[in-house]
Amino acid sequence: SCGACLADPPHYDRARAVFQYDDASRAMILAFKHGDRMEGAPAFAAWMARAGADLLDDAELIVPVPLHRKRLFRRRFNQSAVLALALARLGGVRAVVDMLVRIRHTPPMGGLNREARRANLQGAIAVRPGYEAALAGRKVLLIDDVLTTGATAQACAGVLRKAGVLRVDVLSLARVVRTG
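Residues numbered from 1 in each chain as written. Predicted model: local features only at pLDDT ≥ 70, side-chain atom pairs only at ≥ 80, totals over all residues. Heavy atoms only, no water.

## Describing helix H6 (residues 79-91)
Here is step 1: The first and last C-alpha atoms of H6 sit 18 Å apart over 13 residues, in line with the 18 Å expected at 1.5 Å per residue.
Here is step 2: For H6, every residue scored as buried is listed here: Gln79, Ser80, Ala81, Val82, Leu83, Ala84, Ala86, Leu87 and Ala88.
Here is step 3: Capping of H6 at its N-terminal end is provided by Asn78; its side-chain oxygen lies 2.9 Å from the backbone amide nitrogen of Ser80.
Here is step 4: Positioned one or two residues after H6, Gly92 has a phi angle of 65°, which is positive. (Helix = DSSP H or I, 4+ residues; strand = E, 2+ residues; numbered from the N terminus. Expected span 1.5 Å × (residues − 1). Buried < 20%, exposed > 50% of the residue type's maximum accessible area, 1.4 Å probe, protein only. Polar contact = N/O pair within 3.5 Å; in protein donor to acceptor, adjacent residues only side chain to side chain.)

Here's what the structure looks like:
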């Protein structure tokens, strides 16, 4: 565990990523995220299934990080939901892509530090009404494309925990690694 995690423990249990978000991975991820380059999804999901095999084995439900409907309309798809569905096919675990909802539109978080990201997400994510009973006592694998500061995963895991989820693990395509 890192010092930041020890000082402020996350609501999720374990986190894995396929690779580091850096110059080598950025173009590929941005093409997928903003450029309608869906053809990479099956390979990305296969890589995620390998990197997070232990998380996938323990999961009872796969849930993607939600996009607000305004952002979804602009992008035309939720890249985390696409990955979640592809992972569900590979791992034989049910994905529920509308389990979490973004009830408040949040400004883009590029350039924001952990505290600003956390404040930006305050009250922005909720469990879709009617799904609470499906979550109680379950083990959920939360899917995100890029884990930056962990603020989004933290917000999602927090609402999942409040709904009675037993375990929340996070699997992402890439993770930002801060050095120095």
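## Regarding the packing of helix H7 (residues 114-121) against helix H9 (residues 151-162)
Here is step 1: Where H7 meets H9, the axes come as close as 9 Å, and the angle between the chain directions of the two elements is 40°. Judged by the inter-axis angle, H7 sits oblique to H9. In this structure, the crossing between H7 and H9 has a hand that is right-handed. The segment H7 lies against H9, with Arg114, Arg117, Arg118 and Leu121 engaging Ala151, Thr152, Gln154 and Ala155.
Here is step 2: Along the lines of polarity and charge, the residues of the contact of H7 with H9 split into three nonpolar, two polar and three charged. (Axes fitted to C-alpha atoms, helices over the stretch in contact; angles between N-to-C directions. Parallel < 35°, antiparallel > 145°, perpendicular 65-115°, else oblique. Left-handed = near helix turned anticlockwise from the far one by under 90°. Contact = heavy atoms within 4.5 Å. Nonpolar A, V, L, I, M, F, W, Y, C, P; charged D, E, K, R; others polar.)

## A short note on the sheet that holds strand E1 (residues 14-20)
Here is step 1: Strand order in this open sheet of five strands is E1-E7-E6-E2-E3, and the pairing throughout is parallel. With partners counted over all chains shown, the strands left at the sheet margins are E1 and strand E3 (94-95), one partner each.
Here is step 2: Pairing analysis gives eight bridges linking strand E6 (residues 139-147) to strand E7 (residues 167-175), with the strands arranged parallel. Looking at the pairing, Val140 lines up with Val168 of E7.
Here is step 3: Relative to the sheet, helix H3 (residues 41-51) contacts E1, E6 and E7, its axis offset from that of E1 by approximately 130°. (Pairing = 2+ DSSP bridges.)

## Structural notes on the environment of Ala134
Here is step 1: Among the structural elements, Ala134 can be located in helix H8 (residues 132-135).
Here is step 2: Ala134 sits 29 residues away from Ala163 along the chain, and the two C-alpha atoms are 9.1 Å apart.

## Structural notes on the packing of H3 against H6
Here is step 1: As a packed pair, H3 and H6 sit with axes 9 Å apart at the nearest point and diverge in direction by 60°. The crossing of H3 and H6 is right-handed. Contact residues: H3 offers Ala41, Phe44, Ala45, Ala46, Met48 and Ala49, while H6 offers Val82, Leu83, Ala86, Leu87 and Leu90.
Here is step 2: Classifying every residue of the contact of H3 with H6 by side-chain character gives 11 nonpolar, no polar and no charged.

## Here's the deal with the packing of aromatic side chains
Here is step 1: By the definition in use, this model includes two aromatic pairs.
Here is step 2: Geometrically, the ring pair formed by Phe19 and Trp47 is edge-to-face, given 6.1 Å between the ring centres and 65° between the ring planes. Of this pair, Phe19 sits in strand E1 while Trp47 is found in helix H3, placing the two residues 28 residues apart along the sequence.
Here is step 3: The exposure class of Phe19 is partly exposed, given its relative accessible area of 21%.
Here is step 4: Ring centres of Phe44 and Trp47 lie 5.6 Å apart, and the angle between their planes is 50°; on these two criteria the pair is classed as tilted. Of the two residues, Phe44 and Trp47 both sit in helix H3, three residues apart, roughly one turn of that helix. (Phe/Tyr/Trp six-rings, centres within 6.5 Å; stacked < 30°, edge-to-face > 60°.)

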